[in-house]
2 protein chains.
Amino acid sequence: MKDFAFTGGRPDPFTFPTEELIKASEKALRKLGGDLVNYPGESGYKGLRELASMRFERREGVPLPVDNTSITSGSMQALELVLGTFIKPGDTVLTEEFTYSGTLGIMRHLQANIVGVPMDYVDGMDMDALEEKLKELKRQNVTPSMIYTTSNHQNPTGAILSLERRQRMLELAEEYDTIIVEDDCYGDIDFVPNPTPDSLFKLDTSNRVIFIATFSKILGAGVRQGYFVANQPHYGMIHHNRWDGGTSALASAIVAEFFIEHLDKHLEITNAAVGAKCQAVVDTLDEHVSGLCTWTRPRGGLFLWIDLPETTDMSKLNTLASEKGVGFSSGSAFHYAGAPVKAIRLAYAYCHVDDIPEGITYLAEAIQASQSEVVGEAAAD
Amino acid sequence: MKDFAFTGGRPDPFTFPTEELIKASEKALRKLGGDLVNYPGESGYKGLRELASMRFERREGVPLPVDNTSITSGSMQALELVLGTFIKPGDTVLTEEFTYSGTLGIMRHLQANIVGVPMDYVDGMDMDALEEKLKELKRQNVTPSMIYTTSNHQNPTGAILSLERRQRMLELAEEYDTIIVEDDCYGDIDFVPNPTPDSLFKLDTSNRVIFIATFSKILGAGVRQGYFVANQPHYGMIHHNRWDGGTSALASAIVAEFFIEHLDKHLEITNAAVGAKCQAVVDTLDEHVSGLCTWTRPRGGLFLWIDLPETTDMSKLNTLASEKGVGFSSGSAFHYAGAPVKAIRLAYAYCHVDDIPEGITYLAEAIQASQSEVVGEAAAD
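Residues numbered from 1 in each chain as written. Chains lettered and ligands numbered in written order. Predicted model: local features only at pLDDT ≥ 70, side-chain atom pairs only at ≥ 80, totals over all residues. Heavy atoms only, no water.

### What to know about the overall build of chain A
(1) Moving on: Scanning chain A from N- to C-terminus turns up 12 helices and 15 strands.
(2) Moving on: A compact globule built from 381 residues would reach a C-alpha radius of gyration of about 21 Å, and chain A, at 21 Å, matches this within 12%.
(3) Moving on: Considering only C-alpha atoms, chain A reaches an extent of 70 × 55 × 35 Å along its principal axes.
(4) Moving on: Burial statistics for chain A: of 381 residues in total, 62% are counted as buried.
(5) Moving on: Taking the intrachain contacts of chain A between residues at least 6 apart in sequence as the baseline, contacts between residues at least 24 apart amount to 76%.
(6) Moving on: Taken as a whole, chain A presents about 14000 Å² of accessible surface, with 49% of it coming from carbon and sulfur. (Helix = DSSP H or I, 4+ residues; strand = E, 2+ residues; numbered from the N terminus. Rg over C-alpha atoms; globule rule 2.2 N^0.38 Å. Buried < 20%, exposed > 50% of the residue type's maximum accessible area, 1.4 Å probe, protein only. Contact = heavy atoms within 4.5 Å. Areas by Shrake-Rupley, 256 points an atom, 1.4 Å probe, with all protein chains shown as cover.)

### Here's the deal with the pairing of strand β3 (residues 92-96) of chain A
Residues and elements named next belong to chain A.
(1) Moving on: Of all 5 residues that make up β3, 5 are buried, and the element is covered over most of its length.
(2) Moving on: Strand direction decides the pairing type here: β3 and strand β4 (residues 113-117), joined by 5 bridges, are parallel. Bridge pairing in β4 places Thr 95 opposite Gly 116.
(3) Moving on: Note that the unit made of β3, helix α4 (residues 101-109) and β4 has a crossover that is right-handed.
(4) Moving on: By the bridge criterion, 3 bridges tie β3 to strand β7 (residues 146-149) in an arrangement that is parallel. When the sheet's bridge partners are listed, Leu 94 is paired in β7 with Ile 147. (Pairing = 2+ DSSP bridges. Right-handed = clockwise from strand over helix to strand, strands pointing away.)

### Examining the interface of chain B and chain A
(1) Moving on: Contact with chain B, which involves 51 residues of that partner, is made by 52 residues of chain A.
(2) Moving on: For the pair chain B and chain A, the summed buried surface comes to about 4100 Å²; carbon and sulfur atoms form 63% of the total.
(3) Moving on: Taken as a group, Val37(B), Tyr39(B) and Trp243(B) account for 19% of the area that chain B buries against chain A, more than any other trio of residues on that side.
(4) Moving on: Seen at the junction of chain B and chain A, the total is 2 salt bridges.
(5) Moving on: A salt bridge links Glu19(A) to Arg30(B); its shortest N-O distance comes to 2.4 Å.
(6) Moving on: Summed over the shared surface of chain B and chain A, the result is 32 residue pairs in polar contact (both at pLDDT 80 or more).
(7) Moving on: Residue assignment for the side of chain B that touches chain A shows that the elements contributing at least two residues are α1 (18-32), α3 (74-86), α4 (101-109) and α9 (249-289) of chain B.
(8) Moving on: Examining the composition of the side of chain B that touches chain A, we find that 8 residues originate from one element, α1(B), more than from any other.
(9) Moving on: Its residues assigned to classes, the side of chain B that touches chain A shows 21 nonpolar, 20 polar and 10 charged. (Buried area = accessible area lost by both parts, 1.4 Å probe. Salt bridge = Lys/Arg side-chain N within 4 Å of Asp/Glu carboxyl O. Polar contact = N/O pair within 3.5 Å; in protein donor to acceptor, adjacent residues only side chain to side chain. Nonpolar A, V, L, I, M, F, W, Y, C, P; charged D, E, K, R; others polar.)

### Observations regarding the sheet that holds strand β2 (residues 69-72) of chain A
All names here are of chain A.
(1) Moving on: If you trace the 7 strands from one edge of the open sheet to the other, you get β2-β10-β9-β8-β7-β3-β4, paired in mixed fashion. Of all the strands in the sheet, just β2 and β4 have a single pairing partner and so form its edges. In this sheet, neighbouring strand axes are inclined to one another by 20° on average, regardless of whether the strands run parallel or antiparallel.
(2) Moving on: Of the strand pairs in this sheet, strand β9 (residues 209-214) and strand β10 (residues 226-229) are connected by 4 bridges, and their pairing is antiparallel. Counterpart to Ile 212 in the pairing with β10 is Phe 228.
(3) Moving on: In this fold helix α3 (residues 74-86) packs onto β2, β7, β8 (179-183), β9 and β10, with an angle of close to 160° to the strand it touches most, β9.
(4) Moving on: Lying on the sheet, α4 is in contact with β3, β4, β7 and β8; it crosses β4 at an angle near 145°. (Axes fitted to C-alpha atoms, helices over the stretch in contact; angles between N-to-C directions.)

### Section: the state of the cysteines
In a disulfide, the sulfur atoms of two cysteines are covalently bonded to one another.
All names here are of chain A.
(1) Moving on: For the structure on display, the rule yields 0 disulfides over all chains.
(2) Moving on: Free of any disulfide, Cys 278 has its nearest neighbouring cysteine sulfur in Cys 351, separated by 13 Å.
(3) Moving on: Accessibility expressed as a relative area gives 3% for Cys 278, which makes it buried. (Disulfide = S-S within 2.5 Å.)

### Details of the domain arrangement of chain A
Residues and elements named next belong to chain A.
(1) Moving on: Under the domain assignment used here, chain A contains domain 1 (4-13 + 265-371) and domain 2 (19-262).
(2) Moving on: Domain 1 and domain 2 are separated by 25 Å when their C-alpha centres are compared.
(3) Moving on: Counting from both sides, the interface comprises 30 residues of domain 1 and, opposite them, 35 residues of domain 2.
(4) Moving on: Where domain 1 packs against domain 2, one counts 0 salt bridges.
(5) Moving on: On inspection of domain 1 and its partner domain 2, the count reaches 16 residue pairs in polar contact (both at pLDDT 80 or more).
(6) Moving on: Of all elements in the fold, only α9 (249-289) and β12 (303-307) reach the threshold of two or more residues within the side of domain 1 that touches domain 2.
(7) Moving on: By residue class, the composition of the side of domain 1 that touches domain 2 is 15 nonpolar, 11 polar and 4 charged. (Domains from an automatic or database assignment.)

### Side note on the side chain of Arg208(B)
Residue and element names in this part refer to chain B.
(1) Moving on: Positionally, Arg 208 belongs in the loop between α7 (200-203) and β9 (209-214).
(2) Moving on: The class of Arg 208 is buried, set by a relative accessible area of 14%.
(3) Moving on: Here the side chain of Arg 208 touches Thr 178 through a polar contact of 3.0 Å, landing on its backbone oxygen.

### Some words on helix α10 (residues 314-323) of chain B
All names here are of chain B.
(1) Moving on: Looking only at α10, the buried set comprises Met 314, Leu 317 and Ala 321. Around the axis of α10, the buried residues are gathered within 55° of arc, so they sit on the same side.
(2) Moving on: Buried residues in α10 make contact with β13 (326-327), β15 (343-347) and α11 (356-369).
(3) Moving on: Measuring from the backbone nitrogen of Ser 315 back to the side-chain oxygen at the start of α10 gives 3.1 Å, which picks out Asp 313 as the cap.
(4) Moving on: Where α10 terminates, the next one or two residues include Gly 325, which has phi positive at roughly 80°. (Arc of directions from axis to C-beta.)

### Considering the packing of aromatic side chains
Residue and element names in this part refer to chain A.
(1) Moving on: Going through the model one piece at a time under the given rule, you end up with 24 aromatic pairs over all chains.
(2) Moving on: Considering the side-chain rings of Phe 4 and Tyr 362, the 5.6 Å spacing of their centres and the 70° angle between planes classify their relative orientation as edge-to-face. Of this pair, Phe 4 sits in strand β1 (residues 4-5) while Tyr 362 sits in helix α11 (residues 356-369), and the two are 358 residues apart along the sequence.
(3) Moving on: For Phe 4, a relative accessible area of 1% corresponds to the buried category.
(4) Moving on: Classification of Tyr 362 by relative accessible area gives partly exposed; the value is 22%.
(5) Moving on: Here the aromatic rings of Phe 98 and Trp 305 are separated by 4.9 Å at their centres, their planes lie at 50°, and the arrangement is tilted. Within this pair, whereas Phe 98 is found in the loop between β3 and α4, its partner Trp 305 is found in strand β12, the two being separated by 207 residues in sequence. (Phe/Tyr/Trp six-rings, centres within 6.5 Å; stacked < 30°, edge-to-face > 60°.)

### Some thoughts on the relation of the copies chain B and chain A
(1) Moving on: Structural alignment of chain B on chain A gives an RMSD of 0.0 Å, achieved by rotating through 180° and translating 0.0 Å along the axis. Accordingly, the operation relating the two chain copies is best matched by a two-fold axis. Minimal C-alpha separation from the rotation axis in chain B is found for Ala251(B), amounting to 2.6 Å.
(2) Moving on: Both copies present the same face, since 100% of the interface residues in chain B are matched by interface residues at the equivalent positions in chain A. (Least-squares fit on C-alpha atoms with pLDDT ≥ 70 in both.)

### Comments concerning the packing of helix α1 (residues 18-32) of chain A against α9(A)
Residue and element names in this part refer to chain A.
(1) Moving on: Remark: α1 packs on α9, axes separated minimally by 8 Å, with the N-to-C direction vectors making an angle of 120°. If you check the angle between α1 and α9, you find them oblique. For the pair α1 and α9, the sense of crossing is right-handed. Of the residues in α9, those touching α1 at Glu 20, Leu 21, Ala 24, Ser 25, Lys 27, Ala 28, Leu 29, Lys 31 and Leu 32 are Ala 249, Leu 250, Ala 253, Ile 254, Glu 257, Phe 258, Glu 261 and His 262.
(2) Moving on: Here the residues of the contact of α1 with α9 are counted per class, giving 10 nonpolar, 2 polar and 5 charged. (Parallel < 35°, antiparallel > 145°, perpendicular 65-115°, else oblique. Left-handed = near helix turned anticlockwise from the far one by under 90°.)

As structure tokens, this is what we get:
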């Protein structure tokens, strides 16, 4: 049986640049050689921090502060460090109603009180709703530890926080005295030119934004090369919490050598491949379940979100899809409170593009076959 | 001015196997290719875990449990994870009176009550003293969280915990219901054949030992490839605390490909180089300060410990040595309570072997020039 894996935030394996990375490894090792006996330092290999800065400048027109950039094991370790620094047990944090399950896992592990803010799937978090939540917390004398947001190609919905909302979020963070953790893991996975506004980190004028990004999502989760950027005093506070001796300079140097030469070209190739996969998913859904479900039409990133009818038997859907080898992620994993929502997330970059119509057709059939027969009754409830 | 750097636990840069690592990178990348888009899993790249097991079997005659081995960013992240799991604020931990400063840093960060156990520089921690401390704690109704020990080529003294002491430590851990964290970072850096007894992890029959080791100390701190090994329930408890998405599979696969082919040969070459450096340090000290100081004569590892006369002005010693470009680590950094001891640690693997006589001669002169003139008076105090 074929495996139609729409699970996990993995890039396209078919455009993985094996040969170019072999050349980059040779360059990196010849450049560093015996210097690799030294510790990379807690902030990590400088060449990759400089590359992160150039990457940011390419999108945003300004560089990153290299000395306040710290390389981490993927963006997950950045999240672990940043959230672990600013969240104490019982603290309140705000995030989109639907957000990355890994972030929710860390927040729960840290015993945070997670407040979900309503959102739409196009422009992201609703700022009126955010203000309302902040007001309500203030009435209870609660200052939240942070607002966590995935500003670009949000996981799981693909939403892009609009410029106006970004500006308003910064104002609200200032007014209610909290920080913003901007998770920009998917920022370079664009299917159309320049779909995203300036980053919160760039727009910030009152030192309230910590920026997180990664090379893993445009290359491979297995390389584990993420980073966070924070001005002082935040940077020092986060590093006070870091005891791992820094991220592998060997892996960092290879990734740096590769992207110094190939960033634009690689993005062109891999984004075209991932964009075509996204389109294939959308086309197949259009063909089979357009009367039954609604779904997002991402302009980038790795994820598409399907809202299913309330009449969907989620357990039956899982069983039927799995019988055909179709894997997806349950929507409830991304709900801030783990509510049993009738929705699923598809990660479309991993499956072969030629297999997508078949896989998504099976999924559509499974969705159709998972509708309870008492539709009218349920709707009347 | 030359730089005589006897600081930091770094391997020999001159035997760093650049060319072999280039070949290993090519092999690793061709083997993995697009699979690198996948997460390595929290336990890390299986090929390196298997190599860790073979490495253990080579020394100890038995393999490691591969599924209970977890790759980390150097041994530091292993320490961070293991200590972070078992030490709650206010908990008591026992360790050698002199031990690795990085471990002490993590313990202090975790707000542990650190109890230093007297030791000697040949056979390590004194077991009668350990029993006395454990008895005393029991009288106070305190069950310590762990005994932390560097069993082989101890940092900072070079001591090797004797087999008899290992057996007794295991009995005491059982009797007083605590665990042992065995840090075996330096186990393969042997200057004489088979200088070290069986590991505590191998000798353990009651699941009380967590084992930590690394490839960084026999290759390069910059590769950041360490690991811990723990049986259940410890393994699960530690991983419940791990949120980084696993260590770079790219770096792990390169290190695995290299050592699969070259472990014995590389150890032969690099241990001969490091052993010669250690001997050069000892010879130069013998020549210049044999009447004034005493020092250890390591049979392996990266460190040598010098006990200085009580009349040494440590601040003057630092200044004079630094004026000649000689760097070393202050002994107090390794004291469990940070006491201002008259001792220093030399890390001998980094400096070029031809520079060692000159550097250590400067150090000897600095030691001589740092003796207070009121020797008799100080001794009479």
